[in-house]
Every structure is written in C-alpha cells, then in structure tokens.
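This is what each chain is made of:
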Amino acid sequence: MTRYAYLGPEGTFTQMALHAWRPAQGQEQTPFGSVDGALAALRERQIDAAVVPIENSVEGGVSATLDALASGDPLIVTGEVLVPITFVLAARAGTTLADIRAVGTHSHAWAQVRGWAQQHLPDAGYVPALSTAAAAADVAAGSGGYEAAVCAPVAAQNHGLSVLAEDIGDMAQAVTRFVVVSRPEWLPRPTGRDKTTVVLFQRSDRAGGLVELLEQLSTRGINMTRLDSRPTRESMGSYCFSIDLEGHVADERVGEALMGLRRVCAEVRFVGSYPAANGREVSIDPLTSDDAFAEARDWLDRLRVTGG
Ligand SMILES: O=C(O)C(=O)C[C@]1(C(=O)O)C=C[C@@H](O)C=C1
C-alpha cells in the first residue's frame, strides 16, 4: 500500500489532485499542514509519495515547492496532475457581505480572486492561511481572525459553511498544476509524452550565464515549458533556475542537453522525468531524434577507430 502525503487538511485543491491521481481505495492519504512538512516526511521515509502544488496559471510558481525541490536531500517528480480551480466565498450561516471585515485563504488563492474582492469587499483585509481548507476550518471554528474564507466548494460543505458567492475567481479557466514527488529510487519509463524538471545553478565566473544555459536546449531542439528563477538564499543576486522541458532523460537529445548543462553550470539538480498531464506527444525535429544521435555517435566511433 502506497502511503501518500498531501497539503491538507481535507478539502484542499491538493486533495482533489491526489484523488484524481489515485482514488482513495487502497491508499493511505495523510494531510500535512504545509508543503515543507509533507516533503520532510517523504525524506524521512514516513510516507512514500507526496502531492504538492507547483504552478498556477494565474499566479505562477509555488515558491515553497520550488525551493523544497531545489535544496535538501534530492527528491524527484514522478507524475503531474492538472486541476481546474473554482473558488467560493464561505462564511458561517447568517453572515452577510456587510459583516465581513477580513477574509482568510492561501496566498495563491487570494491572488486569483483579488479583482473580485476589490469589487465586492473593498474594505475587507486579507489574512494568509496555510491552505484554502485550513481557512474554511478557521471560519467554522470562529478562529483565525476572519469572517469568511476563499476555498473550494467542498471545503465549505465539509465545514457546514454558507456560500455567499460562487465562482469568484478572476480568470474562469484557472488551473493549478500539482506534482507527485517520490524519493529518487525509481524513474517512470519514457512514453513519448514526457517532461523533465531540472534546477540549474549558474557558475559565478561566467558572463552571459542564462543564454549559455538555454543554448544547450535550443541547439538540441528542446522546448522549455516553464522557467522560474529563485534566489539561492546564499547572497544578494544569487539565483538558480527551475525549468521544465519536453522529453525524458532517456531521450538522446535530453541526455545530451543535460551533459551540456552539467559542463556549463556550477550544479545541475535532476528533479525527474515523468508523463506530461496534457498527454500531448512531444514533437521532435528529425535532426534531433534518437536515431540521428545514434547515427552521429556510430560515425564518430568509427572515425576514432579506423579514421574513416
Ligand atoms: O490551499 C489549497 O487548497 C491548495 O491546495 C493550495 C493551492 C496553491 O498552492 O496554489 C492550490 C490550488 C489553488 O490555486 C490555491 C491554493
């Protein structure tokens, strides 16, 4: 039985992602109060895999996840899940919009409803919560210092809260991407529809650093689907780059690109190759296919042995 951790408590969007990945039967699914807590439990072998948010179509990268994957004992992504995001404003029965002085929710959720809040609750303050469902639980308990929560409909229902407004996200098509994280003990097999995540640390002694890194991808026809720069926290101006690229480490062109990155970077942290949630086949330029690389390598091997 696989033991899964997720950003809880029950009723978070992360729990929905876990249910979409693996329905609850036959799984142990343990909520953790934070991304750091879930990933620490994974590193300490208390659980086998963790589902955590990594990227939202409106607010971008989830720093807690990007940073936890970029440092500490290595972990790898073994899968990803896309969840459409729909928010409600929930409060205890009898509360009206006029009663609301403050609203609690996760910072990424607040970023997605800011426009709505400005229009309908211009005087209400915002209080950050560990998750949307934790905010709903606080409202139900009368703790947290806010009268309403921005959360998923299921979290309002779990806590017997009234829904004061539905579909309050500023962008109707908002989607959050979640990753399934494991210890680096196995690798999903290539499917032709894969993604690879790496974190690149620049050398301090090289000019034009980012261009040099991206060239390693472009000359091998590799498409990059995400780039986040994060401070390394070591000194002012020191950043690393967390990137997703199309393809699997087993693909020749991805392997060659990783070798190139290893030469020009101070450090390359491999964070996994896994099937892409959109299921789209990666389009490959024939000049960078596995066959093209194999033919070129055979040619070089012959040159080195016989000179022709
Ligand atoms: O608070 C939750 O419900 C979460 O699962 C976290 C989270 C996030 O980190 O982006 C997930 C999806 C939504 O975009 C808002 C919050």
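Conventions adopted
- Numbering of residues starts from 1 in every chain and runs along the sequence as written.
- Confidence filtering applies because this is a predicted model: local features only for residues at pLDDT of at least 70, side-chain atom pairs given and counted only at 80 or more, and all residues used for totals across whole chains, interfaces and linings.
- Note that the side-chain values use all heavy atoms of the structure and ignore hydrogens as well as water.
- UniProt positions are given in the numbering used here, feature names are shortened, and annotations may be inferred rather than shown by experiment.
- Near is defined per residue: the residue qualifies when any heavy atom it owns lies within 4 Å of the molecule or strand.
- Within 3.5 Å is the distance limit for a polar contact, defined as a pair of N or O atoms, with the added protein rule that one can donate a hydrogen and the other accept it, and that residues adjacent in sequence qualify only through two side-chain atoms.
- For every accessible area listed, the method is Shrake-Rupley and the probe measures 1.4 Å; residues are considered covered only by the protein chains on display.
- Working definition: helices are DSSP H or I runs of at least four residues, strands are E runs of at least two. Numbering for both runs from the N terminus.
- Amino acid classes used here: Ala, Val, Leu, Ile, Met, Phe, Trp, Tyr, Cys and Pro are nonpolar; Asp, Glu, Lys and Arg are charged; the rest, including Gly, are polar.
- Domain ranges listed in this record stem from an automatic or a database domain assignment.
- Buried, partly exposed and exposed residues are distinguished by accessible area as a fraction of the type maximum, computed with a 1.4 Å probe on protein chains only: under 20%, between the cut-offs, and over 50%, respectively.
- Contacts between residues were defined by any pair of non-hydrogen atoms, one from each residue, lying within 4.5 Å.
- Pairing between two strands is assigned when DSSP locates at least 2 bridges connecting them.
- The convention used is that axes are lines fitted to C-alpha atoms, helices contributing only their stretch in contact, and that angles between N-to-C directions extend from 0 to 180 degrees.
- Salt bridges, as used here, are contacts in which a Lys or Arg side-chain nitrogen is within 4 Å of a carboxyl oxygen on Asp or Glu.
- Between the rings of Phe, Tyr and Trp (Trp by its six-membered ring), a pair exists once the centres lie within 6.5 Å; its type follows the angle of the planes, with under 30 degrees stacked, over 60 edge-to-face, and the other angles tilted.

- Looking at an unreviewed UniProt entry, the chain carries the name Prephenate dehydratase, with the source organism given as Janibacter alkaliphilus.
- Comment text from UniProt for the chain, heading Catalytic activity (unreviewed entry), reads "prephenate + H(+) = 3-phenylpyruvate + CO2 + H2O".
- UniProt's Pathway (unreviewed entry) comment on the chain is quoted here verbatim: "Amino-acid biosynthesis; L-phenylalanine biosynthesis; phenylpyruvate from prephenate: step 1/1."

**Let's talk about the site of the ligand**
Turning to step 1, where the next piece is worked out: Of all residues adjacent to the ligand, which total 14 residues, the nearest are F13, T14, Q112, T132 and T176.
Turning to step 2, where the next piece is worked out: A distance of 3.5 Å separates an oxygen atom of the ligand from a polar side-chain atom of H106.
Turning to step 3, where the next piece is worked out: With respect to the ligand, the side chain of Q112 contributes an N or O atom lying 2.9 Å from an oxygen atom.
Turning to step 4, where the next piece is worked out: Calculation on the ligand without its partners gives an accessible area of 370 Å², and the protein chains cover 100% of this total.
Turning to step 5, where the next piece is worked out: The set of elements that each furnish at least two residues to the shell around the ligand consists of α1 (13–21), β3 (49–56), α4 (107–120) and β11 (175–182).
Turning to step 6, where the next piece is worked out: Grouping the constituent residues of the shell around the ligand by class yields five nonpolar, nine polar and no charged.
Turning to step 7, where the next piece is worked out: Counting contributing residues per domain, the shell around the ligand is built from domain 1 (1–85 + 169–186) and domain 2 (88–166), each supplying no fewer than three.

**Some thoughts on the environment of A102**
Turning to step 1, where the next piece is worked out: Positionally, A102 belongs in strand β7 (residues 102–105).
Turning to step 2, where the next piece is worked out: Relative accessible area serves as the criterion here: at 9%, A102 is assigned to the buried category.
Turning to step 3, where the next piece is worked out: The sequence separation of A102 and G279 amounts to 177 residues, and the corresponding C-alpha distance is 41 Å.
Turning to step 4, where the next piece is worked out: In contact with A102, not counting residues within four places along its chain, are A124, G125, V127, G145, Y146, E147 and A148.

**Remarks on the sheet that holds β7**
Turning to step 1, where the next piece is worked out: One open sheet holds the five strands; their spatial order is β8-β7-β9-β6-β10, and the pairing between them is mixed. Every other strand in the sheet has two partners, leaving β8 (125–128) and β10 (162–165) as the edge strands with one partner each. Mean inter-strand twist for the sheet, computed between neighbouring axes without regard to direction, equals 35°.
Turning to step 2, where the next piece is worked out: In this sheet, β10 lies alongside strand β6 (residues 88–91) in antiparallel orientation, the contact comprising three bridges. Within β10, the position partnered with L89 by the bridge is A165.
Turning to step 3, where the next piece is worked out: The sheet contacts of helix α5 (residues 132–141) involve β6, β7 and β9 (148–151), and relative to β9 the element is tilted by about 155°.

**Topic: the side chain of H248**
Turning to step 1, where the next piece is worked out: Position of H248 among the secondary structure elements: in the loop between β14 (239–246) and α8 (252–264).
Turning to step 2, where the next piece is worked out: A relative accessible area of 1% means that H248 is categorised as buried.
Turning to step 3, where the next piece is worked out: Among the polar contacts made by the side chain of H248, one reaches the main-chain carbonyl oxygen of P188 at a distance of 2.7 Å.
Turning to step 4, where the next piece is worked out: Here A250 takes part through its backbone nitrogen, which lies 2.9 Å from a polar atom of the side chain of H248.
Turning to step 5, where the next piece is worked out: Beyond its immediate stretch of four places on either side in the chain, H248 contacts L187, P188, R189, P190, D194, T196, V254 and S273.

**Some remarks on the pattern of salt bridges**
Turning to step 1, where the next piece is worked out: With the rule as written, the count across this model stands at 15 salt bridges.
Turning to step 2, where the next piece is worked out: Residue R193 pairs with E281 through a salt bridge whose shortest N-O separation is 3.4 Å. Here E281 lies in the loop between β15 (267–275) and α9 (290–306) and R193 lies in the loop between β11 and β12 (194–201), a separation of 88 residues in the sequence.
Turning to step 3, where the next piece is worked out: With relative accessibility at 55%, the residue E281 sits in the exposed group.
Turning to step 4, where the next piece is worked out: E256 is the salt-bridge partner of R297, the closest N and O atoms lying 3.0 Å from each other. Of this pair, R297 sits in helix α9 while E256 sits in helix α8, and the two are 41 residues apart along the sequence.
Turning to step 5, where the next piece is worked out: Here the salt bridges do not stand alone but share partners, grouping E55, E80, R177, K195, R226, D228 and D244 into one network.

**A word on the UniProt feature "domain: Prephenate dehydratase" (unreviewed entry) in the chain**
Turning to step 1, where the next piece is worked out: Taking the numbering used here, the UniProt-annotated feature "domain: Prephenate dehydratase" (unreviewed entry) corresponds to residues 3–183.
Turning to step 2, where the next piece is worked out: Counting secondary structure, residues 3–183 comes out at 31% helix and 31% strand; the distance between its end C-alpha atoms is 13 Å.

**Here we look at the packing of aromatic side chains**
Turning to step 1, where the next piece is worked out: By the definition in use, this model includes two aromatic pairs.
Turning to step 2, where the next piece is worked out: For the ring pair F13 and F87, a centre distance of 5.4 Å and an interplane angle of 80° mean the geometry is edge-to-face. Placement of the pair is F13 in helix α1 and F87 in the loop between β5 (76–84) and β6, with a sequence separation of 74 residues.
Turning to step 3, where the next piece is worked out: A relative accessible area of 8% means that F13 is categorised as buried.
Turning to step 4, where the next piece is worked out: Given the relative accessible area of 2%, F87 is considered buried.
Turning to step 5, where the next piece is worked out: Judged by centre distance (4.7 Å) and plane angle (5°), the rings of W110 and Y126 are stacked. Here W110, found in helix α4, pairs with Y126, found in strand β8; they are 16 residues apart in sequence, far enough to count as distant.

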